[in-house]
Amino acid sequence: MNAYGKLNYGSLLAFIVRKAWIIALTAVIFGAVSFYATKFIVAPKYSASVRLYVNNKTEDSGTLTPGDLSAAKSLVDTYITIIESDSVIDEITGGAGLG
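Quick caveat: nothing in here was measured; it's all calculated off a predicted structure.

S.K.: Tell me about the overall build of the protein, and name the residues and values.
M.R.: Assigned secondary structure in the protein consists of four helices and zero strands. Order of helices (α) and strands (β) in the protein, N terminus to C terminus: α-α-α-α. Within the structure as shown, the protein displays about 9100 Å² of accessible surface, and the carbon and sulfur contribution to it stands at 64%.

Below, the structure written as structure tokens:
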């Protein structure tokens, strides 16, 4: 501070340089705590979604019958069972580096 009680930029910069070790130490401590919390405390959460379009018609007549809809629903249920099977899940997690 000068004689009038005002702070000039030079003395402010000198003060910050003198206390730089405190600033750096605080940044390292907060960084280490943040890393520890995200690595060991917070559980990772993964999500995925899929949409299936099932077309089991061999001919293109342009109309859907109740039998077509029933067959499509049955195929979707079969596909979901296959997708949720352990062998498919293991293949997906292994390819993504999660397993």
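Moving on, there is more to tell.
S.K.: Before we move on, can you summarise the pattern of salt bridges with the specific residues and values?
M.R.: Between side chains of opposite charge, a pair can form when the charged atoms approach closely. This structure, assessed with the given rule, holds one salt bridge. Residue Lys-73 pairs with Asp-77 through a salt bridge whose shortest N-O separation is 3.4 Å. Of this pair, Lys-73 and Asp-77 both sit in helix H3 (residues 66-83), separated by four residues, roughly a single helical turn.

S.K.: Now, about the packing of aromatic side chains: what can you tell me, with residues and values included?
M.R.: The tally for this structure, following the rule as stated, stands at one aromatic pair. Seen in terms of ring centroids, Tyr-36 and Phe-40 are 5.3 Å apart; in terms of plane orientation they differ by 45°. Their pairing is tilted. Here Tyr-36 and its partner Phe-40 are both found in helix H2 (residues 20-41), four residues apart, which amounts to about one turn of the helix. Given a relative accessible area of 48%, Tyr-36 falls into the partly exposed group.

S.K.: Before we move on, could you go through the packing of helix H1 (residues 9-18) against H2 and cite the residues and values that matter?
M.R.: Where H1 contacts H2, the two axes come as close as 4 Å, and the packing angle between them is 50°. One element, H1, and the other, H2, form an angle in the oblique class. Taking contact as the criterion, the partners of Ile-16, Val-17 and Arg-18 in H1 are, on H2, Ala-20, Trp-21 and Ile-23. A per-class count over the contact of H1 with H2 returns five nonpolar, no polar and one charged.

S.K.: Residue-level account of a nonpolar patch on the surface, with values.
M.R.: On the surface, a nonpolar cluster with roughly 650 Å² of combined accessible area is contributed by Leu-7, Tyr-9, Leu-12, Phe-15, Ile-16 and Ile-23. Assignment of secondary structure puts Leu-7 in the segment before H1. Of the residues examined, Leu-7 reaches a relative accessible area of 52% and is grouped as exposed.

S.K.: Outline the confidence of the model for the protein, supporting the account with residue identities and numerical values.
M.R.: Detail in the predicted coordinates should be disregarded across regions flagged by low pLDDT. Taken residue by residue, the protein gives an average pLDDT of 82. The fraction at 70 or more is 84%. When pLDDT is averaged over each helix and strand of the protein, the minimum, 79, is found for helix H4 (residues 86-95) and the maximum, 95, for H2.

Cut-off values and rules
- Residue positions are given per chain, counting from 1 as you read along its sequence in written order.
- Local features in a predicted model are, by the rule used here, given only for residues with pLDDT of at least 70; side-chain atom pairs are given and counted only at 80 or more, and totals for whole chains, interfaces and linings are based on all residues.
- Side-chain measures were taken over the full set of non-hydrogen atoms in the model, leaving aside hydrogen atoms and water.
- Every helix listed is a DSSP run of H or I at least four residues long, and every strand listed is a run of E at least two residues long, numbered separately from the N terminus.
- All accessibility values rest on the Shrake-Rupley procedure with a 1.4 Å probe; residue burial counts only the protein chains present in the view.
- We define a salt bridge as a contact between a side-chain nitrogen of Lys or Arg and a carboxyl oxygen of Asp or Glu at a distance within 4 Å.
- Between 30 and 60 degrees the pair is tilted, below 30 it is stacked and above 60 it is edge-to-face, where a pair is any two Phe, Tyr or Trp rings, Trp via its six-membered ring, whose centres lie within 6.5 Å.
- We call a residue buried when its accessible area falls under 20% of the maximum for its residue type, exposed when it is over 50%, and partly exposed in between, using a 1.4 Å probe and counting protein chains only.
- What counts as an axis is a line fitted to C-alpha atoms, over the stretch in contact for a helix, and the angles between N-to-C directions run from 0 to 180 degrees.
- Every angle not falling under 35 degrees, over 145, or within 65 to 115 is termed oblique; those three ranges are roughly parallel, roughly antiparallel and roughly perpendicular.
- The contact criterion used throughout is that any non-hydrogen atoms of two residues lie within 4.5 Å.
- Any residue outside Ala, Val, Leu, Ile, Met, Phe, Trp, Tyr, Cys, Pro, Asp, Glu, Lys and Arg is labelled polar, Gly included; the first ten of those are nonpolar and the last four are charged.
- What goes into a patch is any residue over 30% in relative accessible area without a salt bridge, connected to like charges within 9 Å or, for nonpolar side chains (Val, Leu, Ile, Met, Phe, Trp, Tyr), within 5 Å.
- pLDDT: the predictor's confidence for each residue, scored from 0 to 100.

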